[in-house]
2 protein chains.
Amino acid sequence: MEKKSGPLHRRQILQAGLAGVGAAASNQVVAADTVTAAMRTPGRPMSLYGMPSPHEADVQRIIAAAYPEVSPGTGSSRTPLHLLDGTITPAGLHFERHHNGVPDIDASTHRLLIHGLVTQALEFSIDDLMRYPRTSRIAFIECAGNSGGNGSAQPPQTSAGAIHGLLSCSEWTGVKLGFLLDEAGIDPHATWMIAEGGDASGLSRSIPLAQAREEGILALFQNGERLRPEQGYPLRLLMPGWEGNLNIKWLHRIKLTDGPVYAKDETSKYTELQPNGIARQFDLIMGAKSVILRPSVGMIVPSAGYYEISGLAWSGHGRIARVEITMDGGQTWTNAELTGPVLPQATCRFRLPWEWDGKPTVLQSRATDEKGNTQPTHAALMAQRVSGQIYHYNAIQAWQIIAGGAVKNVHV
Amino acid sequence: MEKKSGPLHRRQILQAGLAGVGAAASNQVVAADTVTAAMRTPGRPMSLYGMPSPHEADVQRIIAAAYPEVSPGTGSSRTPLHLLDGTITPAGLHFERHHNGVPDIDASTHRLLIHGLVTQALEFSIDDLMRYPRTSRIAFIECAGNSGGNGSAQPPQTSAGAIHGLLSCSEWTGVKLGFLLDEAGIDPHATWMIAEGGDASGLSRSIPLAQAREEGILALFQNGERLRPEQGYPLRLLMPGWEGNLNIKWLHRIKLTDGPVYAKDETSKYTELQPNGIARQFDLIMGAKSVILRPSVGMIVPSAGYYEISGLAWSGHGRIARVEITMDGGQTWTNAELTGPVLPQATCRFRLPWEWDGKPTVLQSRATDEKGNTQPTHAALMAQRVSGQIYHYNAIQAWQIIAGGAVKNVHV
């Protein structure tokens, strides 16, 4: 097989493996003693709630506290995307973004109030909500500030999770918000709603009512079990594909209004200053995006040979239609394989076989969703931005494999 | 609206809610003070690995140790299915079935040996396997002995999880087994393979080679993160839809053979004694099945009114085509709604609105898969069985709602 860098077809991988030219480091062996030490000692008994292997203790969220001394609960922790595979994020590694910590809430005393421009204000206990019909769907949540560090002139040389890990994907189950809004009775003058979290930051966002009624879910379960405290236990507003901070955690109040209220959380932040000096507000849907996770910064590509390029793609606008990869600076693009089912507003896993010739190369992925939204280059995105505008960064991520196999984050 | 028991259409639920005749216990309120106690105190900071709320501490696996004194690691723990929703099982609650405990294995020293009727025996470290192309899919694993307790003349009055919880569903990621078998080179005489676990029971099963090559996955990841120890860390054979015990945990050896080896784990157990005195072996694929989880034993249906019936359906033969529910002893059946995507060899969630008139009633669900396999009645299944044959019990589960709303497990 010709040894040059580039994408491989599946058949070629097999040929590479069989011919021994692939990277698969398998060895001929003689099976002398196949009884291992672990097979000679009884293992530990069953347990009530399982945890990861202690040998995987370094697979952790990546914490960034904004003001660790004065407000340790303000900041974020990121999903170590580069250490995971598949599309589901285990709840223990779902990213966090808190504005004043994780409240300790007892579900039995928690209430949801729906009021404002409604026929009849309603209050629900969690037990009340548990009586309603439920729906389930797999959906990502991405913080509006995710990947913002890539907006720097010097791209951060940190892991893919540290850069892009304000993104996680779960199966959520709950009650359709529209069902309860209709029960309260929507006043004809109501056009927006304000959702407020029951945490010490009282995080509040204004959300257009029509979409909230149509798409909103009052999530009670995450990946099968009840929500985790860091994801809003006992109740979270899920707005699939919208800015992460609209997915209000510890949801305790929804007020219907005739316009946005310009809450502190949509004026002091989560706005986008434009070059003309005007700040854009309510840019609410997360764009099409992808990131190659393997290889990425912190990994070493040990030698020339076969590898699988693998990563995640997602879009707030719907399903991912394709992910293309270039290894030659954008001259040619190859479609990666998407692992089905490809679901709307959910991450999908893409994979592409790759034969590396050991010479410096740059890998870039570009996602396009079913509505035609795609990813700009870094230069094109930054040309529209002022310095310090970190939100909705969805430019193409470029990883350079340098001599020796180390991976660098580069702006190309 | 007429108040009689039966399935409801979605529109009727809404009418019930709006008219106040539904069960939704919402109250008109005046919003006096909407700042809760949790909003007055900063919450706890971000954490490296999240855990469920302490207020959900009773959502645990249900442990049954077979010989707690002499072999505490022999037995099972079941998924509390009745306390969960959606389709994904969180890894911490995935069922366990161990024959001599959970070994502590360091991935860096673990090896997989492929030998026997191959051109070249191969040995792989986990790092080696990580270099191969991967695939992801959502699939259930069900123990062959799941639901066996329902074979008793007196049906167990325990929770749905305690009866049916040797069933869990995860997103698995790993390397296609066929890829490595082909690399080793399959001898033309090889028709079966023996897969052996690296635990102290050395659990071994014979598996037809053609299907193993086609369907087998060497799973490295479960719900995004590396396998949990209880599910086979660092390597598990995944055979989607086949008996749970074929999904060999702590996989360390695969030997290609010209027939089954009749290992202890497929002779002393996992065989099915027939009324004619002959034991059936290698009944390997799990049948079509469903269970209503809400309501189920241990729950109280508090009063007449609206409820959602909800449960899980699955089949080892493919996708679930439909789940029907009867509330009148099988005279009429109503199709439940299936939450998409409906995937092959994966659990799917079914839901059906239900108006209860407060009188005793029996709820039964019946799943049918895309190949036409369906569930027998309890009586039909038991007519083919001898006492004590617990494997592959997939009869229709019947729950009786008695006066006062308690739920009983009944054979009808």
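Just so it is clear, the model here is predicted, and its values are computed rather than measured.

## Some words on the interface of chain A and chain B
Consideration 1: The partner chain B presents 111 residues to the 111 residues of chain A that form the contact.
Consideration 2: Each partner contributes to the roughly 9200 Å² buried at the junction of chain A and chain B, and carbon and sulfur atoms together form 59% of this total.
Consideration 3: Of all residues in chain A, Met 46, Leu 48 and Arg 131 of chain A give up the largest surface area on contact with chain B, accounting jointly for 9% of the area buried on that side.
Consideration 4: Applying the counting rule to chain A against chain B returns six salt bridges.
Consideration 5: Residue Glu 230 of chain A is joined to Arg 44 of chain B by a salt bridge in which the shortest nitrogen-to-oxygen separation is 3.5 Å.
Consideration 6: Where chain A touches chain B, the interface holds 40 residue pairs in polar contact (both at pLDDT 80 or more).
Consideration 7: The element contributing the most residues to the side of chain A that touches chain B is strand S4 (residues 71-78) of chain A, with six residues.

## Some details on helix H4 (residues 177-184) of chain B
Residues and elements named next belong to chain B.
Consideration 1: When you tally the buried positions in H4, you get seven out of eight residues, the bulk of the element.
Consideration 2: Residues Leu 177, Gly 178, Phe 179, Leu 180, Leu 181, Glu 183 and Ala 184 constitute the buried set of H4.
Consideration 3: Phi for Gly 185, located one or two positions after H4, is positive at around 90°.

## Focus: the environment of Glu 171 of chain B
Consideration 1: Position of Glu 171 of chain B among the secondary structure elements: in strand S9 (residues 167-176).
Consideration 2: Leave out the neighbours within four places in its chain, and Glu 171 of chain B touches Asp 85, Gly 86, Thr 87 and Ile 88 of chain A together with Ile 88, Ser 136, Arg 137, Ile 138, Phe 221, Gln 222, Asn 223 and Gly 224 of chain B.
Consideration 3: Polar side-chain contacts of Glu 171 of chain B include one of 2.9 Å to the backbone nitrogen of Ile 88 of chain A.

## Details of the relation of the copies chain A and chain B
Consideration 1: Structural alignment of chain A on chain B gives an RMSD of 0.0 Å, achieved by rotating through 180° and translating 0.0 Å along the axis. Taken together, the rotation angle and the small translation identify this as a two-fold axis.
Consideration 2: Interface residue correspondence from chain A to chain B reaches 100%, placing this contact among same-surface, isologous pairings.

## Thoughts on the sheet that holds strand S20 (residues 320-326) of chain B
All names here are of chain B.
Consideration 1: Spatially, S21-S20-S24-S25-S26 is the arrangement adopted by the five strands of the open sheet, whose pairing is antiparallel. The open sheet has two free edges, formed respectively by strand S21 (334-335) and strand S26 (407-410), since each of these has just one partner strand.
Consideration 2: Pairing of strand S24 (residues 361-369) with strand S25 (residues 398-401), which is carried by four bridges, proceeds in the antiparallel orientation. For Gln 364, the partnering residue across the bridge sits in S25 and is Ala 398.

Rules of the game
- Residues numbered from 1 in each chain as written.
- Chains lettered and ligands numbered in written order.
- Predicted model: local features only at pLDDT ≥ 70, side-chain atom pairs only at ≥ 80, totals over all residues.
- Heavy atoms only, no water.
- Contact = heavy atoms within 4.5 Å.
- Buried area = accessible area lost by both parts, 1.4 Å probe.
- Salt bridge = Lys/Arg side-chain N within 4 Å of Asp/Glu carboxyl O.
- Polar contact = N/O pair within 3.5 Å; in protein donor to acceptor, adjacent residues only side chain to side chain.
- Helix = DSSP H or I, 4+ residues; strand = E, 2+ residues; numbered from the N terminus.
- Buried < 20%, exposed > 50% of the residue type's maximum accessible area, 1.4 Å probe, protein only.
- Least-squares fit on C-alpha atoms with pLDDT ≥ 70 in both.
- Pairing = 2+ DSSP bridges.

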